[in-house]
Amino acid sequence: MSLLKELERGLPTRVIGRKVRVYDVVTSTNDLLWELSDRGAEEGTAVFADGQTHGRGRLGRSWWSPTGKGIWMSVLLRPPTAEGAVPMTTIVGALATADAVRATTRLPALIRWPNDILVRGKKAAGVLVEARAAPNGRILVLGIGIDVNASRSEMPQDIAKLATSLSEEANEEINRLELAKSLLGELDRWYQIELEQDTETINQRWRSLSATLGSRIVLEQGRQRYEGTVFDVDVRFGLALRLDRGGIKHFRGEHVTVLDEA
Ligand code: BT5
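Keep in mind the model is a prediction, meaning the values are calculated, not measured. Throughout, a residue's number is its position along its own chain's written sequence, starting from 1. The predicted nature of this model means local features are confined to residues of pLDDT at least 70 and side-chain atom pairs, given and counted, to a pLDDT of 80 or more, with totals for whole chains, interfaces and linings taken over all residues. In computing side-chain properties, one takes all heavy atoms of the structure into account and sets aside hydrogens as well as water.

## Things to note about the packing of helix H2 (residues 85–105) against helix H5 (residues 176–195)
Turning to step 1, where the next piece is worked out: All axes here are fitted lines through C-alpha atoms, helices being fitted over the stretch that makes contact, and every angle between N-to-C directions spans 0 to 180 degrees. Helix and strand definitions follow DSSP, with helices as H or I runs of at least four residues and strands as E runs of at least two, each counted in order from the N terminus. Direction vectors running N to C along H2 and H5 enclose 140 degrees, while the axes themselves pass 8 Å from each other. Accordingly, the angle class assigned to the pair H2 and H5 is oblique. Between H2 and H5 lies a crossing whose hand is right-handed. Note on element contacts: H5 touches H2 through Glu-178, Leu-179, Ser-182, Leu-183, Glu-186, Leu-187, Arg-189, Trp-190, Tyr-191 and Glu-194, opposite Met-88, Thr-89, Val-92, Gly-93, Leu-95, Ala-96, Thr-97, Asp-99, Ala-100, Val-101, Ala-103 and Thr-104.
Turning to step 2, where the next piece is worked out: Residues of the contact of H2 with H5, tallied by class, amount to twelve nonpolar, five polar and five charged. Roughly parallel means an angle under 35 degrees; roughly antiparallel means over 145; roughly perpendicular covers 65 to 115; every other angle is labelled oblique. Left-handed describes a crossing whose near helix is turned anticlockwise from the far helix by less than a right angle; the clockwise case is right-handed. Contacts were defined at the residue level, with two residues in contact if any of their heavy atoms lie within 4.5 Å. When residues are grouped by polarity, Ala, Val, Leu, Ile, Met, Phe, Trp, Tyr, Cys and Pro land in nonpolar, Asp, Glu, Lys and Arg in charged, and all others, Gly among them, in polar.

This is the structure we're talking about:
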């Protein structure tokens, strides 16, 4: 039985983490939660799986999810403001993940806009937010994947080039249960701040954890590539890039991939 089963007892949180379900291996925790949502699951319901056979990333990409080695989880949200809910919830997910990793492991986790968590320049976690229309507002599924105890040698080659795991960086096995509890607590905390519409607190923490701010990047939007220097990241306006070819352009996170730190 999964070590994470203990989470089903619930945590003393306000919304996220009060109702938790833990599974062995599923296709994708996001799929599972959409099914639970169709059956009336309440806001804040979180699902964890020990492994995923069809974990997914953004834009149709796949997410490697080895059994027993990571945190693969999703949480159901119904934020009252539909406007900007997906980018805001992506940020909230990234902040909570970075803060939980920092609190549990002391590793210097940073956020690469819009949805990657990096440790020492390599990706250790990712956030995927999916939205659907509902009769009374929008429903969001916030999915988070964290590479906790996978060794780099067992990663598929293309992933090993870009990714790391917390145990690789900390040189020791990480307690997944402690990390999962911390993640639920941080998600609950940051989601309350989102509900209070305290964008200033979110922006400040996001800027202080940003791996992207001030760096030169190559970014892809559809088939277009843009190169430049990032001079701001902001919850409302997205990423502001001073283009090498002149001018300033703002990008929203949903359809953009940062290819490289140039
Ligand atoms: C993401 O997408 O980073 C979002 C990942 C979200 C995964 C969670 S797990 C729980 C929940 N259920 C799901 O089915 N999904 C969510 P994106 O920015 O598109 O990055 C995807 C890219 O990251 C891939 O194309 C690979 O290059 C790389 N990648 C795949 N698996 C990885 C892993 N385990 N660790 C680090 N990088 C990975």
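Let us keep going from here.
## Here's the deal with the domain arrangement of the protein chain
Turning to step 1, where the next piece is worked out: Domains assigned within the protein chain are domain 1 (2–209) and domain 2 (216–261).
Turning to step 2, where the next piece is worked out: Distance from the C-alpha centre of domain 1 to the C-alpha centre of domain 2: 24 Å.
Turning to step 3, where the next piece is worked out: On the side of domain 2, 17 residues touch domain 1, which itself brings 17 residues to the contact.
Turning to step 4, where the next piece is worked out: By convention, the term buried area covers the 1.4 Å-probe accessible surface removed from two parts as they join, with the contributions of both added. Where domain 1 abuts domain 2, roughly 1,400 Å² becomes buried across the two surfaces, and 59% of that area is made up of carbon and sulfur atoms.
Turning to step 5, where the next piece is worked out: On the domain 1 side of the interface with domain 2, the three residues burying the most area are Pro-87, Trp-113 and Arg-207, jointly 41% of the side's total.
Turning to step 6, where the next piece is worked out: Side-chain atoms alone can form a polar contact between residues adjacent in sequence; in general such a contact is a pair of N or O atoms within 3.5 Å, and within protein one must be able to donate a hydrogen while the other accepts it. At the boundary of domain 1 with domain 2, the tally comes to five residue pairs in polar contact (both at pLDDT 80 or more).
Turning to step 7, where the next piece is worked out: Among the elements of the structure, H2 and helix H6 (199–208) are those that each provide at least two residues to the side of domain 1 that touches domain 2.
Turning to step 8, where the next piece is worked out: Considering every element that reaches the side of domain 1 that touches domain 2, the biggest residue donor is H6, with six residues. What fixes the domain bounds is an automatic or database domain assignment.

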